[in-house]
Amino acid sequence: MINITLPDGSIKEFPNSPTGADIAKSISEGLFRNCVAVEIDGEIKDLNCKIEKDARVRLITTKDKDALGIMRHSAAHVMAHAILCLYKQAKLTIGPIIEDGFYYDIDMEPVSQEDFLKIEAEMQKIIKAKLPFARKEIGKKEALEFYKEDPYKTELISELEDGTISFYSQGDFTDLCRGPHVPHTGFIEAVQLTKVSGAYWRADQKNDQLQRIYGTAFFSQKELKAYMRFLEEAKKRNHRKVGAVLDLFSFHDEARGMPFFHAKGMEIWNTLLDFWRKEHKKAGYIETKTPLILNRKLWEKSGHWENYRENMYTTKIDEEDYAIKPMNCPGGMLLYGLKPRSYKDLPIRAAEIGLVHRHELSGVLSGLFRVRAFHQDDAHIFMTEAQIHDEILGVLRFAEKIYSTFGLDFHLELSTRPEQFIGTDEQWETATSGLEAALKIYNKEYKINEKDGAFYGPKIDMHIEDALGRTWQCGTIQLDMSLPERFDLSYIDNRNEKVRPIMIHRVIYGSVERFLGILIEHFAGRFPLWLSPVQIIILPINDEIIPYAEKVKAEFENKNFKVEIDKRTESLNKKVRNAQINKIPLIVTIGAKEKEADTLSVRTLDGKVKYGIAKKEFIDKVIDNISDKNLKLIF
RNA sequence: GCCAGCGUAGCUCAGCUGGUAGAGCUACUGAUUUGUAAUCAGUGGGUCGGGGGUUCGAGUCCCUCCGCUGGCUCCA
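Residues numbered from 1 in each chain as written. Chains lettered and ligands numbered in written order. Predicted model: local features only at pLDDT ≥ 70, side-chain atom pairs only at ≥ 80, totals over all residues. Heavy atoms only, no water.

(A) Structural view of the overall build of chain A. A count of helices and strands for chain A gives 20 helices and 33 strands. Its C-alpha atoms give chain A principal-axis dimensions of roughly 90 × 75 × 55 Å. Here chain A holds 635 residues, and the buried ones make up 51% of them. By sequence separation, contacts in chain A at least 24 residues apart represent 68% of the contacts at least 6 residues apart. When the accessible surface of chain A is split by element, carbon and sulfur atoms take 49% of a total near 31700 Å². Of the side chains in chain A, 92 bear a positive and 97 a negative charge, and the two mean positions are spaced by 5 Å. (Helix = DSSP H or I, 4+ residues; strand = E, 2+ residues; numbered from the N terminus. Buried < 20%, exposed > 50% of the residue type's maximum accessible area, 1.4 Å probe, protein only. Contact = heavy atoms within 4.5 Å. Areas by Shrake-Rupley, 256 points an atom, 1.4 Å probe, with all protein chains shown as cover. Lys, Arg positive; Asp, Glu negative; His and termini not counted. Charge placed at Lys NZ, Arg CZ, Asp CG, Glu CD.)

See below:
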């Protein structure tokens, strides 16, 4: 007898080695039809996997959060199967699932999106056939024999241990795979190929370039359609597009990857930095500024010349080598080292909006998200060991305050010591536990990325989440055990001894350019009033009223509102349409009635119009919205 | 840098298998003086990304360079 414990605690008895399918059927036929896999004592297995001993069992239905990944992995197999049918000489490599779908890296002739239709058609045949996925455990020798013509699979198998190797087949297709899979191909209800790219075998440029074909799959056409709508929405919000319509910035061939900001872009830029400066001052930061071009000797001292050279722009001045800074830290070190420091001075929180240049590969440039010149909202905090966790905690709380002002939620990731590192075990221990202690007090869940820290210290990354649920790494807090050493920084402690300070680098916006890009997409160009480059547009109803409208405009400007007036002899409808397209939050129409009554009619971007609002009331409300940094206009 | 796709007026796009470039919006001019998402008419605007080639003839075919987009790699 086998005793199966179900998640609700109930126990079912089976005479001999039941499968997940048997268990499902014993409960209901409907449940069985929706089951894709089964979790046995915490491990997810195929539904037809025999359960040989008493176990805790959880049936995974299509509704389960684990189901989607299992099915997408099966979809990757189906795609590979279809491709092998169409491209006989293709060789498969790896085909994992990713965040919103799957891909398969295949050694084959280059394909383009036009080929998707026929691949998808072939996939549909396989799906319609409802071919069962069959697992076969196989010896290493046999596996190598099976793939003797295939260098990729041979390489993969040779890294596996004998006894752990399994193959999965559907129809005449077989692939090396750990599993699990859905019971049959018919579970792949909605599937679509999304993109192709070249990808190197084992991510190494020296290796062959493979075709990476991406796809996504869902349990229903409805979900697939919703996902496609999401992609559409993201496209509509694309900051490059919105930035052009709103006249915020542009790119020119004369300076690839280096944005030009227009007047309206600068309005937002300055608002972002005004806010930033005010908050930093309140949080006990000083602001500094270091030069753009610094002597090679400094970069040699900091280690950048050795480790970061290929990303640096260099130049010669008076026969000496210089580099345009790719990071602000070495300059910051010089400022700290300027004079003897006392423990009483610490912590020193020195911020710098530093313009850095990095020579990124041409292919990676992407709007404001990936550029070659950008401003970091940097700060270097110098402190004693005892101050580590207070300072880290301070930065976390500070960042939260900043992000929440934009309505951005975020999550944290801690990266620990990598394979290659400098410093002693003890230093790493102190540093890492300092970060962890702060995270614990901060009391927000965080993910640990083992061995993902910088070689010079552990770090905490802050990933914000935008209105579409996409995440972006913005903030980072990096403990640096290298630079204070290299620059021989010190402070005098209370026993008159020289001590090396602990230093962190931290950014909150990250790159101001990129943060602005994220905000554009987050708000879809409809900035909250305090951030809007144009807050109010005045639409005079006819030419006669223009002088009065100008007076109102001057009045608004006196209050520091960002206001424009549309004096064109166009229909009101057209001017309204224009203002809506330009996403100006407050569209104010002025005609004889308004002049008479000292009122305004105010249209907001939702298309609603309020007539007869007293001018004074309007001004007060605008002031309130701006000073409260309201995310939603309260009017 | 690599793979794939793309590059026609300021913007959005049309231009079939090669036969000497087109629309809407914008801009400008005139009329209209407008009450909440495009008033009407007229005018201007392009060495079809650059260069080279094939051809009697190239926006269209080929080569090459540049740029853009999606990925790879890297990262803020």
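(B) Quick peek at the nonpolar core. Core analysis: the largest hydrophobic core is formed by 60 residues, its most contacted members being Tyr403, Phe406 and Tyr509. Element by element, the count of residues in this core is highest for helix H13 (residues 388-405), at nine residues. Residues contacting Tyr403, with those up to four places away along its chain left out, are Leu408, Phe410, Met462, Ile464, Cys474, Gly475, Ile508 and Phe515. Membership of the second largest hydrophobic core comes to 38 residues, among which are Ile83, Ala90, Val111 and Leu193. (Core = buried A, V, L, I, M, F, W, Y, C linked by side-chain atoms within 4.5 Å.)

(C) Representation of the confidence of the model for chain A in the model. Confidence along chain A averages 91 in pLDDT terms, with 100% of residues attaining 70 or more. For this predicted complex, the interface confidence comes out at an ipTM of 0.91, alongside a pTM of 0.91. (pLDDT = per-residue confidence, 0-100.)

(D) View of helix H3 (residues 67-86). If you check H3, its first and last C-alpha atoms are 29 Å apart, about what 20 residues at 1.5 Å a residue would give, namely 28 Å. A large share of H3 lies buried, amounting to 16 of its 20 residues. (Expected span 1.5 Å × (residues − 1).)

(E) Region of the structure containing unusual backbone geometry. Gly179 connects to Pro180 through a cis peptide bond whose omega is -5°. For the bond from Leu346 to Pro347, the omega torsion is -5°, close enough to zero to count as cis. Tracing the backbone shows Pro347 in the loop between helix H12 (329-336) and strand S20 (348-357). Even without glycine at this site, Ala203 takes up a positive phi of about 55°. Assignment of secondary structure puts Ala203 in the loop between strand S12 (190-200) and strand S13 (209-218). You will see that Ala524, though not glycine, has its phi angle at about 55°, which is positive. Locating Ala524 in the fold gives a position in the loop between helix H16 (512-523) and strand S29 (536-540).

(F) Just the sheet that holds strand S2 (residues 11-14), in detail. Spatially, five strands are ordered S2-S1-S5-S3-S4 in an open sheet, and the strand pairing comes out mixed. In this open sheet, the two edge strands, each paired with only one partner strand, are S2 and strand S4 (43-46). On average, each strand axis in the sheet is tilted by 35° relative to the strand beside it, whichever way the strands run. Both strand S1 (residues 2-5) and strand S5 (residues 55-61) contribute to a ladder of two bridges, which runs parallel. Bridging across to S5, Thr5 finds its partner in Arg56. (Pairing = 2+ DSSP bridges. Axes fitted to C-alpha atoms, helices over the stretch in contact; angles between N-to-C directions.)

(G) Structural view of the packing of aromatic side chains. Applying the stated criterion to the full structure yields 25 aromatic pairs. Summarising the aromatic geometry, the rings of Tyr147 and Phe167 are spaced 5.6 Å apart at their centres and angled 70° between planes, so their arrangement reads as edge-to-face. With Tyr147 in the loop between helix H5 (140-146) and helix H6 (151-158) and Phe167 in strand S10 (residues 166-170), this pair connects stretches of sequence that are 20 residues apart. The class for Tyr147 is buried, based on a relative accessible area of 7%. Between Phe275 and Trp530, the aromatic rings sit 5.4 Å apart at their centres with planes inclined by 65°, giving edge-to-face as the arrangement. (Phe/Tyr/Trp six-rings, centres within 6.5 Å; stacked < 30°, edge-to-face > 60°.)

(H) Here's a closer look at the domain arrangement of chain A. Under the domain assignment, chain A is made up of domain 1 (2-61), domain 2 (67-237), domain 3 (252-290 + 325-522) and domain 4 (536-627). In this structure, domain 2 and domain 3 have C-alpha centres spaced 39 Å apart. If you look at the interface, domain 2 gives four residues, while domain 3 gives six residues. In this assembly, domain 2 packs against domain 3 so that about 470 Å² is buried in total across both faces, 59% of it on carbon and sulfur atoms. Looking at the side of domain 2 facing domain 3, the largest losses of area belong to Phe230, Ala234 and Arg237, adding up to 88% of the total buried there. Viewed at the interface, domain 3 and domain 2 are joined by zero salt bridges. Taken together, the connections running from domain 2 to domain 3 amount to two residue pairs in polar contact (both at pLDDT 80 or more). For the side of domain 2 that touches domain 3, the residue count by class is two nonpolar, no polar and two charged. (Domains from an automatic or database assignment. Buried area = accessible area lost by both parts, 1.4 Å probe. Salt bridge = Lys/Arg side-chain N within 4 Å of Asp/Glu carboxyl O. Polar contact = N/O pair within 3.5 Å; in protein donor to acceptor, adjacent residues only side chain to side chain. Nonpolar A, V, L, I, M, F, W, Y, C, P; charged D, E, K, R; others polar.)

(I) View of the sheet that holds S10. Here we have three strands laid out as an open sheet, ordered S9-S10-S11, and antiparallel in their pairing. At either margin of the open sheet sits one strand with a lone partner, and together these are strand S9 (134-137) and strand S11 (173-176). Across the sheet, the mean angle from the axis of one strand to that of its neighbour is 25°, orientation sign disregarded. Relative to S10, S9 is paired through four bridges, and the arrangement is antiparallel. Its bridge partner being in S10, Lys136 is matched across the sheet by Phe167.

(J) Fine view of the packing of H3 against helix H4 (residues 116-128). Taken N-terminus to C-terminus, the directions of H3 and H4 make an angle of 115°; their axes are 8 Å apart at the nearest point. The two elements H3 and H4 meet at a crossing, and its hand is right-handed. Here Ala75, Val78, Met79, His81, Ala82, Ile83, Cys85 and Leu86 of H3 come into contact with H4, specifically with Lys118, Ile119, Glu122, Met123, Ile126 and Ile127. Here the contact of H3 with H4 is built from residues that sort into eleven nonpolar, one polar and two charged. (Left-handed = near helix turned anticlockwise from the far one by under 90°.)

(K) Representation of the pairing of strand S32 (residues 599-604) within the structure. When you tally the buried positions in S32, you get five out of six residues, the bulk of the element. Two strands pair when backbone bridges link them, and strand S31 (residues 586-590) and S32 are joined in this way by four bridges, in the antiparallel orientation. The partner of Thr589 across the bridge, within S32, is Ser601. In terms of strand pairing, S32 meets strand S33 (residues 609-614) through four bridges, oriented antiparallel.

(L) Broad picture of a negative patch on the surface. Side chains of Glu385, Glu426, Glu429 and Glu436 sit close together on the surface and give a patch of like negative charge. The residue Glu429 is located in helix H14 (residues 425-442) in this model. (Patch = residues over 30% accessible without salt bridge, like charges linked within 9 Å, V, L, I, M, F, W, Y side chains within 5 Å.)

(M) Looking closely at the protein's contact with RNA strand B. Residues in contact with RNA strand B amount to 55 residues; listed here are only the nearest, Ser197, Gln209, Arg256, Lys574 and Glu594. Put simply, 52% of the atoms of RNA strand B that lie within 4 Å of the protein are in sugar or phosphate. Between RNA strand B and the protein, one listed contact pairs a base nitrogen with a backbone N or O atom of Val196 at 3.4 Å. Note that a base nitrogen of RNA strand B is positioned 2.2 Å from one of the side-chain N or O atoms of Glu594. Of the residues that constitute the surface near RNA strand B, the class distribution is 19 nonpolar, 20 polar and 16 charged. (Near = heavy atom within 4 Å.)

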